[in-house]
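One letter stands for each residue in the lines below.
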Amino acid sequence: MAGFRDIDKALFPIKSINTVVQLFRNQLESPSVPDLALLSIVSGVIENSLTSRSNTALQVCEPVEQNNLPVLELKTVEILYNKFRSIMLNAVEANKSKGFATRELVKKVSDVIWNSLTRSYYKDRAHLQSLYSFLSGNKLDCFGVAFAVVAGCQCLGFNDVHLALSEDHAWVIFGENGTETAEVTWHGKGNEDKRGQEIGKGVSARSWLYVNNKPVVCTRHMEVAALVSAINPSLNSTHDAYEVALLQQELLWLLYDLGHLKKYPMAIGNLGDLEEISATEGKVPCKVLFEEAVFSARNYYSNQHVYPYTYQGGYFYRNKMYEEAFESWANASNVIRMYNYSRDDEEIYKEFLEIANELIPHIMKIESSGFSANTILKKPKCFADLLRFYDGICQWEEGSATPVLHIGWAKPLVLTISRFDADVRAQVNIVCDKSEENMLMKKNGTYFNNNNNYDKENGTTSNESPSVKNSNDKDNSPFHPSIEALTAA
Ligand SMILES: FC(F)c1nnc(N2CCN(c3ncnc4sc(CC(F)(F)F)cc34)CC2)s1
């Protein structure tokens, strides 16, 4: 049984980041599983006290003393903790005898959270992810509702209910074999919520939103990693609250060192982003963290996740490592091509749109200015990766009910391709990979293949001659017709 034990209470009043880390360590290393409600309340109170309007007076110098947090009293946490427990216990007469949760129970807990929420509020606002936000303001974001349902079920003694996470949605799994699934929150704008229903069996199963049924299925410890990942240090659109970011970074290292991020690529990516800003001495460098996130997605989720590659590509881009960025983005595109684009996939659409129409054109502008000695415009591999990138997006569109590309994509695309000289383009040998594995078309097969040339062992992409293999062989060409036309030009 989780809980707010004496050894945890002994840490109060909490005045420093180190003490919060100790509380999380106590909970994560305790013989019983961590108490999600307690940890979400503690992190939520701290985040809100440091990022709320009353605290926007910019701390221009970083606090040096050890007590770097506003004092957090035991009473404050106890009141909130007991309030959450009483909401759950009063609303749901949980029949403890039945060890496993039922769909009705999960839906009931979701209803309790749902019906407590403020009627209308700006759902995408920051700091709406924690139980503190739920208990003090009756507001939660999409992730926060799913997390609160799992924390509520833990309160009621249902340890089979766990959080399932895709790259842009959250739901729960439950039941004797953990094979039952249920929607418990909403997704996106203006979509009717599907709460209580099983996870996508229909067309939505082919959308990126459900990651081809390869979600991150959390343990209690990974649910702590999810709440830590969801900590939001932003003070306003330009500044982060230093102590909140430091707390998040230290908690992510605690979870990393305990092995709870191994199967959680996005949490590793979040840590990589924080480490890029301010590296922690004696820890693996952020470049390695981004590689580990890619490895995790390939190893545990059949390479069906996009974000590990866009985390990595973003890092390379910011550090002017453009050849490497092209490879990461091509690998991201190699993932998305197996999905059908649906209206639920706006988030990843925006990600690819920004890469294709902002980041790559920016790189082209710099590289064509003639000042870069070692320009990528002379590298066939870069041209090959660019073609893979665009081809994957074209394949993503194929067979989808919703179009992906429009004229706004074409201009930057043509401009980019034309920056490479004919002699460089000619060095890219376009191989039509007809191997059985790649013959599988993404539409009717239930099997999604990933013909990435990623070498699992050493976690790199092989450096074979820059050739572009693709599975799209409908008309015997390795590329989508529109890309084929471009390469012929
Ligand atoms: F691709 C990179 F540029 C990215 N940079 N930040 C990215 N984020 C930020 C962190 N993030 C996440 N980080 C940890 N866990 C989760 S679970 C989830 C889906 C939902 F919110 F539960 F619905 C999102 C998400 C979403 C992806 S991707």
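Structure: above.
Residues numbered from 1 in each chain as written. Predicted model: local features only at pLDDT ≥ 70, side-chain atom pairs only at ≥ 80, totals over all residues. Heavy atoms only, no water.

## Some thoughts on the pairing of strand E2 (residues 170-174)
With respect to burial, E2 is a largely interior element, five of its five residues being buried. Neither face of E2 is open: one carries Ala170, Val172 and Phe174, the other Trp171 and Ile173, and all of them are buried. Relative to E2, strand E1 (residues 162-165) runs antiparallel, the two sharing four bridges. Counterpart to leucine 165 in the pairing with E2 is alanine 170. Hairpin connection, E1 to E2: the antiparallel pair is bridged by four residues. The pairing of E2 with strand E3 (residues 180-182) spans three bridges and is antiparallel. Each bridged residue has a counterpart across the sheet, and for isoleucine 173 the counterpart in E3 is threonine 181. Here E2 folds back onto E3, and the loop between the two strands holds five residues, one of which, glycine 175, carries a positive phi near 100°. (Buried < 20%, exposed > 50% of the residue type's maximum accessible area, 1.4 Å probe, protein only. Helix = DSSP H or I, 4+ residues; strand = E, 2+ residues; numbered from the N terminus. Pairing = 2+ DSSP bridges.)

## As for helix H14 (residues 346-367)
Each α-helix winds once per 3.6 residues, and so residues spaced three or four apart point in a common direction. Compared with the 32 Å implied by 1.5 Å per residue over 22 residues, the 30 Å span of H14 between its first and last C-alpha is a close match. Along its length, H14 reaches its greatest deviation from straightness, about 35°, at isoleucine 355. Among all positions in H14, only Ile348, Tyr349, Phe352, Ile355, Ala356, Asn357, Leu359, Ile360, Pro361, Ile363, Met364 and Glu367 are buried. On its buried face, H14 is in contact with helix H12 (307-318), helix H13 (322-336), helix H15 (380-397) and helix H16 (407-418). (Expected span 1.5 Å × (residues − 1). Bend = angle between axes of the 7 residues up to and from the residue. Contact = heavy atoms within 4.5 Å.)

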